[in-house]
Structure formats: structure tokens, C-alpha cells
Amino acid sequence: QILGDELLSKIVICGLMPMPFNCRIETFGKCVKVQELKRNYSIGVLPSSAFDRCKDLLTDTLHAKSVEPAGGGTMLECTMWPINAIIHPARLYTLLNDWKP
């Protein structure tokens with residue numbers, strides 16, 4: 001409803017688990033070391049008819065070995081994953097809600 005039917009009919013939304021890269025901070029704010037590029041993913045796609053397109057994109061760009069639907073492959077299921085993209089906004093708000101420039 002928020003995006004509206006017209007815009008939603010023109011875009012594809014894809015959520016994936018796990019995050020593609022496992023990184024560690026080398027120098028805060030300046031440098032990270034990529035320790036691992038993950039190869040197996042579960043995804044949720046909206047609209048679900050775009051699953052194969054998203055699977056091909058991840059296979060090509062991240063050299064994924066396997067891309068499977070998360071549960072039923074819906075975006076609702078993606079929003080329930082305990083991943084950084086879901087939990088970070090609440091964590092950041094808690095840390096920064098009183099911040100003033």
C-alpha cells in the first residue's frame with residue numbers, strides 16, 4: 001500500500017540471507033578486511049514471479065552456489081529474519097535518538 005500499485009508493478013524487491021560478506025574492522029572508519037564471500041543464499045522476492053530473475057542475478061554477481069526460496073520465498077518471511085538490515089534500525093535509534101549535530 002505504501003508504494004502504491006503503479007510503482008509496485010514496476011519494481012522487484014529481493015531480500016537475502018545471509019549477508020554476502022563476512023568482514024572485520026581493521027581500522028575503524030577507514031578499513032575492513034573481507035574474510036569470506038558467502039556462496040549459499042535464501043531469498044524472498046516480491047513479486048514471487050521474479051524469483052528466477054533474482055536467482056540468476058545473485059548467481060552471476062555473487063557467484064552463488066545455491067539460491068533457494070526462504071520458506072515460501074515471500075518478503076514477509078524476509079522481514080522476520082534476525083538479520084542486520086532488520087535489527088540495525090532499532091539498534092541505531094536506541095544509540096542515536098538523543099544525538100544532536
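What you see is a predicted model; the values in this text were computed from it and never measured.

**What about the overall build of the protein?**
Phase 1: For the protein, the count of helices and strands is 4 helices and 5 strands.
Phase 2: Against the compact-globule benchmark of 13 Å for 101 residues, the protein has a radius of gyration of 16 Å, which places it well outside the compact range.
Phase 3: Considering only C-alpha atoms, the protein reaches an extent of 40 × 35 × 20 Å along its principal axes.
Phase 4: Considering only residue pairs separated by 6 or more positions, the protein has 56% of its internal contacts joining residues 24 or more positions apart.
Phase 5: Surface accessibility of the protein: about 7900 Å² in total, with carbon and sulfur atoms responsible for 59%.
Phase 6: When the 11 positive and 10 negative side-chain charges of the protein are each reduced to one mean point, those points stand 10 Å apart.

**Here we look at the pattern of salt bridges**
Phase 1: Per the stated rule, a full pass over the model turns up 1 salt bridge.
Phase 2: In this structure, the salt-bridge partner of Glu6 is Lys10, at a minimum N-O distance of 3.3 Å.

**Remarks on the sheet that holds strand β4 (residues 40–46)**
Phase 1: Pairing within the open sheet is mixed, and its 3 strands lie in the order β1-β4-β5. Both outer strands of the open sheet, β1 (13–17) and β5 (66–69), are each paired with one neighbouring strand and no more. Pairwise comparison of adjacent strand axes, ignoring direction, gives a mean angle of 35° for this sheet.
Phase 2: Summarising the sheet, β4 and β5 pair through 4 bridges and their orientation is parallel. Counterpart to Ile43 in the pairing with β5 is Pro69.

**Brief notes about the pairing of strand β2 (residues 21–27)**
Phase 1: Both β2 and strand β3 (residues 31–37) contribute to a ladder of 6 bridges, which runs antiparallel. For Phe21, the partnering residue across the bridge sits in β3 and is Leu37.
Phase 2: What sits between β2 and β3 in their antiparallel hairpin is a turn of 3 residues, with Gly29 showing a positive phi close to 80°.

How each quantity is defined
- Residues numbered from 1 in each chain as written.
- Predicted model: local features only at pLDDT ≥ 70, side-chain atom pairs only at ≥ 80, totals over all residues.
- Heavy atoms only, no water.
- Helix = DSSP H or I, 4+ residues; strand = E, 2+ residues; numbered from the N terminus.
- Rg over C-alpha atoms; globule rule 2.2 N^0.38 Å.
- Contact = heavy atoms within 4.5 Å.
- Areas by Shrake-Rupley, 256 points an atom, 1.4 Å probe, with all protein chains shown as cover.
- Lys, Arg positive; Asp, Glu negative; His and termini not counted.
- Charge placed at Lys NZ, Arg CZ, Asp CG, Glu CD.
- Salt bridge = Lys/Arg side-chain N within 4 Å of Asp/Glu carboxyl O.
- Pairing = 2+ DSSP bridges.
- Axes fitted to C-alpha atoms, helices over the stretch in contact; angles between N-to-C directions.

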